[in-house]
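Here is what each chain is made of, one letter per residue.
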Amino acid sequence: MSDKHLSSQFDAELNSISTHVLEMGGLVESQLHQAVYALVNMSLESAAQVLDTENRMEMAIDHEIISTIGRRQPTARDLRFLMAISRTTQNLERAGDEVARIARMVKSIIESGTPRNLPISELRLAADLATALLRRSLDSFARLDTQM
């Protein structure tokens, strides 16, 4: 947050929550790269790594938000900021679920022995676009840049 509060502890809590959201976004981005690698290279090991990475950050961040709201009783801008973070984590969780779905599909294709007749270049392009959009979204969140 750009404005300082009277309570430096409150600022620290908001910064901590923001940092956790950015970490969650980084994890989703990393999982997406791993899932695309698994798809392009038909790597069962990479798909399994994506599926083994359980992202429980949404629940931890929501707990931090609820705790902060309960203790600090934020108003106006701070409350809107915390609610926006909550929505952001929901969307990141949903993106992570879709990445896991890709990894499950790759695993299913490999295990079934079905010949891969996939449009890899188009899938890679779509993944690059999704990654760029995720990265820009996280960057605008980090900067609190609503225009971006």
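Here, residues in each chain are numbered from 1, in the same order as that chain's written sequence. Reporting of local features is limited, given that this is a predicted model, to residues whose pLDDT is at least 70; pairs of side-chain atoms are given and counted only at 80 or more, and all residues count toward the totals for whole chains, interfaces and linings. Hydrogens and waters are ignored; side-chain quantities use all the structure's heavy atoms.

A. Quick peek at the overall build of the chain. Each helix is a run of DSSP H or I of at least 4 residues and each strand a run of E of at least 2, with the numbering of both proceeding from the N terminus. Scanning the chain from N- to C-terminus turns up 5 helices and 0 strands. Counted from the first residue to the last, the chain has its helices and strands arranged as α-α-α-α-α. Dimensions of the chain along its principal axes, counting C-alpha atoms only, are 60 × 30 × 15 Å. The contacts of the chain with a sequence gap of at least 6 include a subset with a gap of at least 24, amounting to 79%. Under this rule, positive means Lys or Arg and negative means Asp or Glu; His and the chain ends count for nothing. In plain terms, the charge of a residue is placed at NZ if it is Lys, CZ if Arg, CG if Asp and CD if Glu. Charged side chains of the chain number 16 positive and 20 negative; the gap between the two group centres comes to 3 Å. The contact criterion used throughout is that any non-hydrogen atoms of two residues lie within 4.5 Å.

B. Examining the packing of aromatic side chains more closely. Stacked, tilted and edge-to-face pairs are distinguished by plane angle, under 30 degrees for stacked and over 60 for edge-to-face with tilted covering the rest, among Phe, Tyr and Trp rings (Trp via its six-membered ring) whose centres lie within 6.5 Å. Applying the stated criterion across every chain, the model contains 1 aromatic pair. When the centroid spacing of 6.2 Å and the interplanar angle of 5 degrees are considered together, the rings of Phe 81 and Phe 141 count as stacked. With Phe 81 in helix α4 (residues 76-112) and Phe 141 in helix α5 (residues 120-143), the pair connects residues that are 60 residues apart, well separated along the chain. What makes Phe 81 buried here is its relative accessible area of 10%. By relative accessible area, Phe 141 is classed as buried at 14%. Using a 1.4 Å probe on the protein chains alone, a residue whose accessible area is under 20% of its type maximum counts as buried, one over 50% counts as exposed, and one in between counts as partly exposed.

C. Region of the structure containing helix α2 (residues 44-52). For α2, the complete set of buried residues consists of Ser 46, Ala 47 and Val 50. Each buried residue of α2 lies within a common arc of 100 degrees when the element is viewed along its axis, so the set occupies one face. Along α2, exposed side chains directed more than 90 degrees from the buried face belong to Glu 45 and Asp 52. Contacts from the buried residues of α2 go to α1 (8-41) and α4. Directions are taken from the helix axis to each C-beta atom, and the arc is the one they span.

D. Representation of the environment of Glu 58 within the structure. Along the chain, Glu 58 falls in helix α3 (residues 57-72). Of the residues examined, Glu 58 reaches a relative accessible area of 18% and is grouped as buried. Taking the C-alpha atoms as reference, Glu 58 lies 9.4 Å from Thr 88; in sequence the two are 30 residues apart.

E. Expanded view of unusual backbone geometry. Positive phi is not limited to glycine here, since Gln 73 has a value of about 45 degrees. The residue Gln 73 is located in the loop between α3 and α4 in this model. We note that Ala 76 has phi near 45 degrees; this positive angle belongs to a residue other than glycine. Looking at the element boundaries, Ala 76 is found in helix α4.

F. Inspection of the nonpolar core at higher detail. Ranked by internal contacts, the top residues of the largest apolar core, which has 15 residues, are Ile 17, Val 21, Ile 61, Ile 65, Ile 85 and Leu 92. At the level of secondary structure, the elements contributing two or more residues to this core comprise α1, α3, α4 and α5. Among the elements that line this core, the one with the most residues is α1, at 6 residues. Setting aside residues up to four positions removed in sequence, Val 21 forms contacts with Ile 61, Ile 85, Thr 88, Thr 89, Leu 92 and Phe 141. If you look at the next biggest cluster of nonpolar residues, it comprises 13 residues, including Leu 32, Ala 35, Val 106 and Ile 120. Buried Ala, Val, Leu, Ile, Met, Phe, Trp, Tyr and Cys residues that are joined via side-chain atoms within 4.5 Å together make up what is termed a nonpolar core.

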